[in-house]
Amino acid sequence: MMKGMKHIIIVIVIMGFMLLWPCPSSAEKTVINVGVVLDLSETVGKIGLSCINMSLSDFYDAHPHYNTRMLLHVRDSQTDVVTAASAAVELMKKEKVEAIMGPVTSMQASFVLNLGDKAHVPIISFTATSPSLTSLGSSYFFRIAQNDSTQVHAISDIIQSFGWRQAVPIYIDNDYGRAIIPFLTNSLQQANIRVPYLAVIPPSATADHIEEELYKLMTMETRVFVVHMVGNPGSTLFAIADRIGMMKQGYVWIVTNGMANTLASLDASDIQAMQGVLGVKTYVPKTKRVVDFQARWKRRFLQDNPAMVDASINVFGLWAYDASTALASAVERANNNNNSKPGFRNTTNNASRNFSEIDNIGVSQRGEELRDALSDTRFSGLAGQFGLVNGELEAATFQIINVNGNGEKVIGFWTPQKRLTRNLSSLIKSSTTDLNNNHDNVLGAMIWPGDSYSVPKGWEIPTNGKKLRIGVPVSSRPQFVKVENDGETNTTKVTGFSIDVFEAVVQALPYALPYQFIPFAKPNGESAGTYDDLIMQVYFGVFDAVVADTTIIANRSKYVDFTLPYTESGVSMVVPVKDKSKKGAWVFLKPLTWDLWMTTGCSFVFFGFVVWVLEHRINKDFRGPPSHQIGTSLWFSFSTMVFAHREKVVSNTARFVVIIWVFVVLILTQSYTANLSSLLTVEQLRPTVTNVNDLIKYRTRVGYHTGSFVRGILLNLGFKDFQLITYNSTAQCDDLLSRGSQNGGIAAAFDEIPYIRILLGTYCSKYTMVDPTFKTDGFGFVFPKSSPLVGDVSRAILKVTEDPRMKEIENAWFEKRSSCQQEDASVSSSNSLGLDSFWGLFLIAALASTSALLIFAVTFLYDHRHQWWFINNDYSTWTTRIRILLRIFDQRDPRSQRFRRGGTDSVKEQDKDNYDQSSSTIGRHHHHHHDHSLDAASTYTEYSFSFQGSPCEDSNSDNSNVEQNNLHSQPSQQEN
């Protein structure tokens, strides 16, 4: 008991000692005055102030040893710019605040930050998101929020992923709304998304004004709208849109984070009116710390605002919490700087009293240190990692939400690195995704306005709007477009090939397309301009489309979009044709070219030589005096042309050669006859001009259709203005071509291929189309840039061109050319047959003849090898051997069956002559040559010649003559 009493006494003594001991108090802490300027009548202002107080309480509870304490001086801006500026001036001048948190709106911030720059007081806003504040370049303005411009790429990626080609921004007409539009339109245009209209809602707009603007949007074909507003005017707009029928199926609504971040603060009726809306919302990780703070904040907020039961914290409250934490940390570090001094320094000249209330504020002596400390602050905040780049939070991740039921559903995310993705975990594995019409892979399932699950096409022809205004030219080519005015009914009828194709295309569309044709004409009915002028009317918005024979070229595509071509095209040259064949005395030479004539003549001579070689020793028709043999050979060769040769060939090799040559001659004669007949009977039409450079060189006049883009092509080619003549119709073109350049007409006409075909179909025997052909992409229909109709009409054109209906339309408007000859087939540079067509025949004949010669030569040399080879080499040379072979070749072949049938007496007489010739020859050698070796060689040579050259008609006479020759020759050898 006593021990227990002792313990109690000790505790009481210690407690009393602690109470009496001096401890640090708040009075000993350095108090830093900080101003707060918020719209306290608005929910966002109340949420922000609550989060600021909780942030400071949590911060100093966690850092009780810090030497500074922020003292807040709260002012209500009352949603007024002037009031906010006045409050800031009052705080700086009277309360000597060293920093100001707020204001709420971007317009208020743009005024207050100028005061902060002048007084070196940091202005810290967690709700002013306008990009215009960045352009002011204030070094004392800190945006603890995301710049609105960081979300424009997320919006354009969403639109691009669904394949929508147009979008209309709807924004509030103040600094907050206007500042994002340049960034948004630029991002949309980079994604090839057209912005046809900007819907501007004044800040003071009534419900009637908003309804009027929405009705205007209903009359347009675009059904994709991007809304950039804050909660209150935004919810009013959607309520009106729902009431007038703009939240039904087919519409697309996308809201920026100005509304998406505050959806939880909207009433249930407002959420119900926004069913199916897509939104871009700042992403905040759902950590345990955030969940705990939301629970604590809810209790604290209800204590301070018991009437606001449904209020819930948003990202602006989290940014307010992080901004207060960052400022408290920066204040502590700036206070620890020995160079920093509290208070303001007066910069005005006291001698002069002409200064304003603002000039009397002075300059904060600790402003620069506090600015630098705040710029370097880094920590892990409630809204994520806190860090400032150029005075702003870095661009972070966005959530893509879909308003569904009583709240929102997250269907995807967007990051600056990977763009759209269905979930953040896929960012680690995947690369950048192709967004073009790829929403199924990057976004989750969603509902659309009208409780629809099918993706809207993003545009439609408004049923309560005007018809599509289609411009048509007053054309001089009625086959394509023909405009007729009915004076009795005061109506205009438009017909033609292009019109019929367009009507067939409209029928192939999956929806109705109301339209009306409007002629591009003056009041008197004449054309109002060229095709280029007509196309520019679409660019200027006068017409919604152009249906005509408009050629797709690069220069025009800068201003409008073309559909796929519905007919082929190209620019070519048409010139007159005339018969240039000369049926004169030498026309018989024209069927063959000179090289073929020369080759044929040489072949005849060569063939005669081959036959003579093969037949000379065995055929008496090819023997005799040299002149007789040459004449016979040439006669035999050339007579094969008419198959009139009478000489018979004996050798099998010669017969083979003759067969091959007769085949060659047959083909040559038949080809010659056919081509000569064509030259004499068929009219040879050839172009008068084949080279466009000749027209430029000789400055010849050429023509083109009035108003055609062909003029630019001709000028680029090098034609001069005085060379260019225009025509307005096919008949006028025919007249100019018929007269020619020398008689006031033209030498050639340049036009597009479809028009040239009309000219050739009408005057099929007078003109022809020649190269060069300048490629164009054909005729297409014209629509404004990024018009959603282009894709659907192009697909319908493909259906029509693949259908038999297209052929029926062509046959209805263009004359058939069945009765016309194809001029192109008869137009050529030459009709003569050349060597290139027959070199194969000559090759076969040459190979056959050469082979026959080789076979004969080898056989001849082998058969007479004893007479020319086995000779005493000491007494012979190669010249001698060749002489022996030639003399043997010149003699009749005794083995020939034809000579055997010629009779014995004649043979014997020939043998005797040969013997006498041999004896006399031997005698001459013996008499004139004393060299025994030379005489012996000569005697042997002549003997061998005489023996081998004595032909025999039969075997008996042959043997007797041989023996007789041997008897007569042996004494001569001994004598020699």
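Heads up: the structure comes first, above all this text.
Parameters and conventions
- Residues numbered from 1 in each chain as written.
- Predicted model: local features only at pLDDT ≥ 70, side-chain atom pairs only at ≥ 80, totals over all residues.
- Heavy atoms only, no water.
- Phe/Tyr/Trp six-rings, centres within 6.5 Å; stacked < 30°, edge-to-face > 60°.
- Buried < 20%, exposed > 50% of the residue type's maximum accessible area, 1.4 Å probe, protein only.
- Helix = DSSP H or I, 4+ residues; strand = E, 2+ residues; numbered from the N terminus.
- Lys NZ or Arg CZ within 6 Å of the ring centre and 35° of its normal.
- 1 Å grid on protein atoms, 1.4 Å probe; cavity = no way out; pocket = protein on both sides within 12 Å on 5 of 7 lines; lining within 4 Å.
- Points joined across faces, edges and corners; volume = space filled by probe spheres on them.
- Nonpolar A, V, L, I, M, F, W, Y, C, P; charged D, E, K, R; others polar.
- Salt bridge = Lys/Arg side-chain N within 4 Å of Asp/Glu carboxyl O.

**Quick notes on the packing of aromatic side chains**
Phase 1: Under the criterion given, the structure shown has 35 aromatic pairs.
Phase 2: On the basis of an interplanar angle of 65 degrees and a centroid distance of 5.5 Å, the ring pair of phenylalanine 59 and tyrosine 66 is categorised as edge-to-face.
Phase 3: Its relative accessible area of 7% is what places phenylalanine 59 among the buried residues.
Phase 4: Look at tyrosine 66 and you get buried, because its relative accessible area is 19%.
Phase 5: Judged by centre distance (6.0 Å) and plane angle (15 degrees), the rings of phenylalanine 856 and phenylalanine 860 are stacked. One end of the pair is phenylalanine 856 and the other is phenylalanine 860, both in helix α28 (residues 839–863) and four residues apart, which spans about a single turn.
Phase 6: Taken together through their ring pairs, the aromatic side chains of Phe480, Phe497, Phe502, Tyr515, Phe517, Tyr566, Tyr755, Phe779 and Phe781 make up a single cluster.
Phase 7: A cation over a ring is seen here: arginine 477 above tyrosine 755, with NZ or CZ 3.3 Å from the ring centre.

**Examining empty space enclosed by the protein**
Phase 1: Per the stated rule, a full pass over the model turns up four cavities of 30 Å³ or more.
Phase 2: Taken as a whole, the largest cavity encloses approximately 120 Å³ of empty space.
Phase 3: Looking at the largest cavity, it is lined by 15 residues, and the ones nearest its centre are Arg477, Tyr727, Thr730, Asp751 and Tyr755.
Phase 4: When contributions to the lining of the largest cavity are tallied by element, the ones reaching two or more residues are α23 (730–739), β30 (748–752) and α24 (753–762).
Phase 5: Ranked by residues supplied to the lining of the largest cavity, first place goes to α24 with four residues.
Phase 6: Considering only residue class, the lining of the largest cavity consists of eight nonpolar, five polar and two charged.

**Points about the environment of arginine 805**
Phase 1: Tracing the backbone through its elements, the reader meets arginine 805 in helix α26 (residues 804–813).
Phase 2: Put simply, arginine 805 and valine 501 are 304 residues apart on the chain and 9.2 Å apart in space, counted from C-alpha to C-alpha.

**Observations concerning the layout of surface pockets**
Phase 1: A volume near 1,200 Å³ is recorded for the largest pocket.
Phase 2: Along its surface, the largest pocket is lined by 44 residues, and Glu42, Val230, Gly231, Asn232 and Pro233 are the ones closest to its centre.
Phase 3: At the level of secondary structure, the elements contributing two or more residues to the lining of the largest pocket comprise α2 (43–62), α4 (106–119), α9 (231–244), α10 (257–260) and α13 (315–335).
Phase 4: The dominant element in the lining of the largest pocket, judged by the number of residues it contributes, is α9, at five residues.
Phase 5: Looking at side-chain class alone, the lining of the largest pocket contains 18 nonpolar, 20 polar and six charged residues.

**Regarding the pattern of salt bridges**
Phase 1: Summed over all chains, the structure comprises 25 salt bridges.
Phase 2: Linking lysine 216 and glutamate 213 is a salt bridge whose minimum nitrogen-to-oxygen distance equals 3.8 Å. Taken together, the residues span about one helical turn, with lysine 216 and glutamate 213 both in helix α8 (residues 207–218) at a distance of three residues.
Phase 3: The buried category is assigned to glutamate 213, whose relative accessible area is 9%.
Phase 4: With a shortest N-O distance of 3.6 Å, aspartate 561 and lysine 785 are connected by a salt bridge. Of this pair, aspartate 561 sits in strand β25 (residues 560–562) while lysine 785 sits in the loop between β32 (782–784) and α25 (789–801), and the two are 224 residues apart along the sequence.
Phase 5: Among the ionic contacts, a cluster of salt bridges with common partners joins Arg75, Glu90 and Glu95.

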